[in-house]
Every structure is written in C-alpha cells, then in structure tokens.
Amino acid sequence: MQKFSYVIKDEVGIHARPAGLLVKEAKKYESKIQIIKDTKSADATKLMAVMGLGVKCGDMIIVEIEGSDEEAVCEKMKIFLESNL
C-alpha cells in the first residue's frame, strides 16, 4: 500500500468540477484509490462519495493506493492533485 497526504489549495475545495476530474483520473488505474479526510473515507472512483467528504481549502486529505500499479499511481495522483487542487 502506498499513501501520502496533501493539503487542498483550491479556494473552494473539492467541489463538483474538480471532484469529477479526480474520479475520471482514478478510474484510469487498476489500483484501488481511497481518499480520507478526518474519520471519513471515500472510493476515489465514486463522485458522490468524494463530494460527500466536504473537503475545503486548507483541509488535509490522505490518499491511499493499493494494487498492482500502486507505485506509479501514487506518483501520478500526486501530480494530478498539485495541478488541479
């Protein structure tokens, strides 16, 4: 399992547009990707679950990746988050 934390920099947090982009990105990979905020977690391929986390600007999330391509996915997810959130 690979895991990293990330602080959201987008002014409005993970709202509909970036959540949609995140889900689309997560669906590209074989590995299971979990987004965790505080005590809640969501499958990164489920739009409503990701939006339901209520992630705001300045919040820290933890991204957990588990699967056959987890190392590559970890790096790609870090780049995606830096570029979009």
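No experiment lies behind these values; they were computed from the predicted model shown.

Participant: Where do I start with the overall build of the chain in this structure?
Facilitator: Scanning the chain for helices and strands turns up three helices and four strands. C-alpha atoms of the chain, sized along the principal axes, occupy 35 × 25 × 20 Å. Nonlocal contacts in the chain, meaning residues at least 24 apart in sequence, comprise 72% of its contacts between residues at least 6 apart. Carbon and sulfur atoms provide 52% of the accessible area of the chain, an area that totals close to 4,800 Å².

Participant: Quick question: what am I supposed to make of the pattern of salt bridges here?
Facilitator: A pair can form between side chains of opposite charge whenever their charged atoms are brought close. Using the criterion set out here, one finds five salt bridges in the structure. With a closest N to O distance of 3.0 Å, Glu25 and Lys28 form a salt bridge. In this structure, the salt-bridge partner of Asp38 is Lys37, at a minimum N-O distance of 3.7 Å. Judged by relative accessible area, Asp38 falls into the exposed class, the value being 66%.

Participant: Honestly, the sheet that holds strand β1 (residues 2–7) in this entry has me stumped. Any pointers?
Facilitator: Hydrogen bonds between backbone groups are what pair the strands of a sheet, and the pairing can be parallel or antiparallel. Here four strands make up an open sheet; going across it, the order is β1-β4-β2-β3 and the pairing antiparallel. Of all the strands in the sheet, just β1 and β3 (40–43) have a single pairing partner and so form its edges. Here the strands of the sheet are splayed against their neighbours by 25° on average, with no regard to which way each runs. With five bridges joining them, strand β2 (residues 32–37) and strand β4 (residues 60–66) adopt antiparallel strand pairing. Note on β4: the bridge partner recorded for Gln34 is Glu64. Contacting β1, β2 and β4, helix α3 (residues 70–84) crosses the sheet at an angle of about 5° to β1.

How each quantity is defined
- Throughout, residues of each chain are indexed from 1 in the direction in which the sequence is written.
- Only residues with pLDDT of 70 or above have their local features reported here, since the model is predicted, and side-chain atom pairs are shown and tallied only from 80 upward, although totals for entire chains, interfaces and linings are computed over all residues.
- Just so you know, side-chain values use all the structure's heavy atoms and leave hydrogens and water out.
- In this description a helix means any DSSP run of H or I spanning at least four residues, a strand means any run of E spanning at least two, and both kinds are numbered starting from the N terminus.
- Residue contacts follow a heavy-atom distance rule, with two residues in contact if any of their heavy atoms lie within 4.5 Å.
- Per-residue and other accessible areas follow the Shrake-Rupley method at a 1.4 Å probe size, with only the shown protein chains counted as cover for residues.
- Between Lys or Arg on one side and Asp or Glu on the other, a salt bridge is scored when a side-chain nitrogen of the former is within 4 Å of a carboxyl oxygen of the latter.
- Residue burial is assigned from relative accessible area. The probe radius is 1.4 Å, only protein chains are included, and a residue is buried under 20% of its type maximum, exposed over 50%, and partly exposed in between.
- A pair of strands is treated as paired once DSSP finds two or more bridges between them.
- A fitted line through C-alpha atoms represents every axis, and for helices the fit uses only the stretch in contact; the resulting angles, taken between N-to-C directions, go from 0 to 180 degrees.

Function cannot be inferred from these measures alone, as they are strictly geometric.
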